[in-house]
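Notes for the structure review
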Amino acid sequence: MNSRIFLSLLAATVFITKAPLAKAVTNEELKIGVNQEFETLNPIIATTVAAKYMLYFAYRTLVYLDIDGQWKTQMLKEIPSLQNKKAKIISKNGKKFLETKIEIIETAKWGDGTPVTCKDLKLTVDIGRNTNVSIANREAYTDIEDVVWDEKTPKKCVVTFNKLLWNFYQNLPDVTPAHIEQAIFDKWGKEKEGYDRNTMYTKNPKLPGLYNGPYLISEVTLGSHLIYVPNPHFYGTKPKIKKIILRILPNTGTLEANLRSNTVDMIASIGMSFDQALIFDEKIKTEKLPYNVLFKSGTVYQHLDVNLDSPNLKDIRVRQALMYGLKKDDIMKSIFENKATNAIHWITPDDAWFTDDPKFVVSYKFDKKKAKSLLDEAGWTVGKDGYRFKDGQKLTLKMAGAAGVKLIDNIQAILQSQWKDIGIEILLKNEPGRVLFSETIPKRRFDLAIFSWSSNPEQSPESTFHSKNIPTEKNSWSGQNDTGWNNPKVDLNIEKLKEEFDPKKRKALIAEMIKAYTSEIPVIPLFFRPSNAVVPKNMKGFSLAGHQFYESYHAEKWDLQ
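Definitions and limits used
- Residues numbered from 1 in each chain as written.
- Predicted model: local features only at pLDDT ≥ 70, side-chain atom pairs only at ≥ 80, totals over all residues.
- Heavy atoms only, no water.
- Phe/Tyr/Trp six-rings, centres within 6.5 Å; stacked < 30°, edge-to-face > 60°.
- Helix = DSSP H or I, 4+ residues; strand = E, 2+ residues; numbered from the N terminus.
- Buried < 20%, exposed > 50% of the residue type's maximum accessible area, 1.4 Å probe, protein only.
- Lys NZ or Arg CZ within 6 Å of the ring centre and 35° of its normal.
- Disulfide = S-S within 2.5 Å.
- Pairing = 2+ DSSP bridges.
- Salt bridge = Lys/Arg side-chain N within 4 Å of Asp/Glu carboxyl O.
- Axes fitted to C-alpha atoms, helices over the stretch in contact; angles between N-to-C directions.
- Contact = heavy atoms within 4.5 Å.

**Overview of the packing of aromatic side chains**
- By the definition in use, this model includes 29 aromatic pairs.
- When the centroid spacing of 5.2 Å and the interplanar angle of 45° are considered together, the rings of F542 and W558 count as tilted. Here W558 lies in the segment after β20 (523-536) and F542 lies in the segment after β20, a separation of 16 residues in the sequence.
- Here F542 falls in the buried class, since its relative accessible area comes to 11%.
- Three or more aromatic residues link up through ring pairs in this structure, and these residues are Y56, Y64, W71, F161, F168, Y169, F549, Y550 and Y553.
- Lying across the ring of Y553, R60 places its NZ or CZ 4.4 Å from the centre.
- Positioned above the aromatic ring of W166 is the side chain of R506, whose terminal nitrogen or guanidinium carbon lies 3.6 Å from the ring centre.

**What to know about the state of the cysteines**
- Overall, the coordinates contain one disulfide when judged by the stated rule.
- The disulfide partner of C118 is C157, and the S-S distance across this bridge is 2.1 Å. Residues C118 and C157 are joined through a disulfide that is left-handed, its torsion about the S-S bond being -95°. On the criterion of sequence distance, the pair formed by C118 in helix α2 (residues 118-129) and C157 in strand β7 (residues 156-161) is long-range, its members being 39 residues apart. For the residue pair C118 and C157, the accessibility class agrees, reading buried in each case.

**Quick word on the sheet that holds strand β16 (residues 393-394)**
- Spatially, three strands are ordered β14-β15-β16 in an open sheet, and the strand pairing comes out antiparallel. Edge positions in the open sheet fall to β14 (381-382) and β16, since each of these has one partner strand only.
- Strand direction decides the pairing type here: β14 and strand β15 (residues 388-390), joined by two bridges, are antiparallel. What sits directly across from V382, in β15, is R388.

**As for the pattern of salt bridges**
- Under the criterion given, the structure shown has 35 salt bridges.
- Across the salt bridge formed by D143 and K498, the nearest N and O atoms sit 3.1 Å from each other. Taken together, the positions of D143 in the loop between α3 (139-142) and β6 (144-149) and K498 in helix α15 (residues 488-498) put the pair 355 residues apart, joining distant regions of the chain. For the residue pair D143 and K498, the accessibility class agrees, reading buried in each case.
- Taken together, the shared-partner salt bridges connect E139, D143, K163, E462, K468, E495 and K498 into one network.

**Digging into the sheet that holds β6**
- Here four strands make up an open sheet; going across it, the order is β4-β5-β7-β6 and the pairing antiparallel. The sheet is open, and its two edges are formed by β4 (87-92) and β6, each paired on a single side. Strand after strand, the sheet turns through a mean of 25° between neighbouring axes, direction not considered.
- Pairing between strand β5 (residues 95-103) and β7: six bridges, direction antiparallel. Each bridged residue has a counterpart across the sheet, and for E103 the counterpart in β7 is K156.
- Its contacts with the sheet put α2 on β5, β6 and β7, and the angle it makes with β6 is roughly 155°.

**So, the environment of L397**
- Here L397 shows up in strand β17 (residues 396-402).
- Take L397: its relative accessible area is 0%, and that puts it in the buried class.
- C-alpha separation for the pair L397 and P311, spaced 86 residues apart in sequence, amounts to 9.9 Å.
- The residues touching L397, leaving out its near neighbours within four places in the chain, are N312, L313, L322, I424, E425, I426, L427, D447 and L448.

These figures capture arrangement, not role.
Written out as structure tokens, the structure reads:
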């Protein structure tokens, strides 16, 4: 399900002026400000929003979710289905499998001119299955039994799934350039995280053959910028913008200043926080600045992961007290002007799987008295300083978050204040995103972790809920079940969900998971925040997606005539 966020600082002094840009933005060059840095550009290993956003300028998938939320082909001639007979149920030794036939379009090539073939897909599956590689959702690869093809027709693949997956076409993995990565995987795949360290996406991310999208990456400077130039071997619409520069500006307070000083021409959806975008939108109108602020309701789920193995959080009464002591209205009003959507669980109200039925959703209306009573019951008594103690230990929780992100700072300040009122001390541990998402969160070095993820409609929560996906040293910190949630019934329902072709039965399985999620509180839901971006007024062909296929996936359509 997911996707994560953030990162590092550009050392430059900029001064805010009231004057609009003197230089018009053209197709010669577009400079984009982002407030996060990638943890890796390898499409198999990458999990953060920043990594996917940056990768999608230069990379394309086999299928994709369009702006309107419809699954479409990208590099395939057509999406296989039972209806078009490109997919069929077969039996072997009494077990049912799903056999699909896919054909990669003839013109699909890597950036060095090498054709994209079934061999690339097979390598992806092999890498994803390998327990020495850090993978967010390994089941997406282990669910595939095999990928076979005839060497005479290397673009026609037979992909067999070892389960009857209703959404199998959505689970077709991202392809990896076998002509570059096969030898590396063969050499390093037997070593713990050996492939992760030695993939060319890490060693030489400027290599053209790593990418198959409209752009190639010509320059990468960590903590500073990436530069993209058109890919001469791209099979689709030729991009109009000749050079795109992504500038990493992790201190969100400097984004507007950089825009006004012409250091950047545009702010990406991983840029301004929602409250900043609202304020800047008003400035555009009053100062007649040459920009548009675009907003789109989406699936960006702001939440707090709860480390269920943290000694102070094992007791459900402490987690319940956190929920009852949380007054989300204060956040919604003071930061979002009530324009964000309250999250009661991980599913957005626009999703077909959403429910607010009290039979399945345990609600926690703000009740400070009840929160204090629960802590009393749990044996936490109030000390002289107003904080709670048990056995001589203060009730202290360390909250991890991304450094330099104003939105996170503001939310944390409110949470600290609200939970102090019930006697809980919150200590902040904010750090660069590269550290937060490669070390602190996957290695579960937190009590609470505030971040956001994005998902697609009707997406299985397997990677974040299934106990098999709890990151451990043994599995190379793979999986995104960072909370350590282990509920056998939820695991079973996730397995059933994958093989359930009846939409009503799938929704019923999700409802049972929602009941467990809101009862056991592995996560504290906050809100769904709209996506926003600031673009030049002359920008055409730009659309915010509101899901995991971010706007950069359509960069070849952008035009600054």
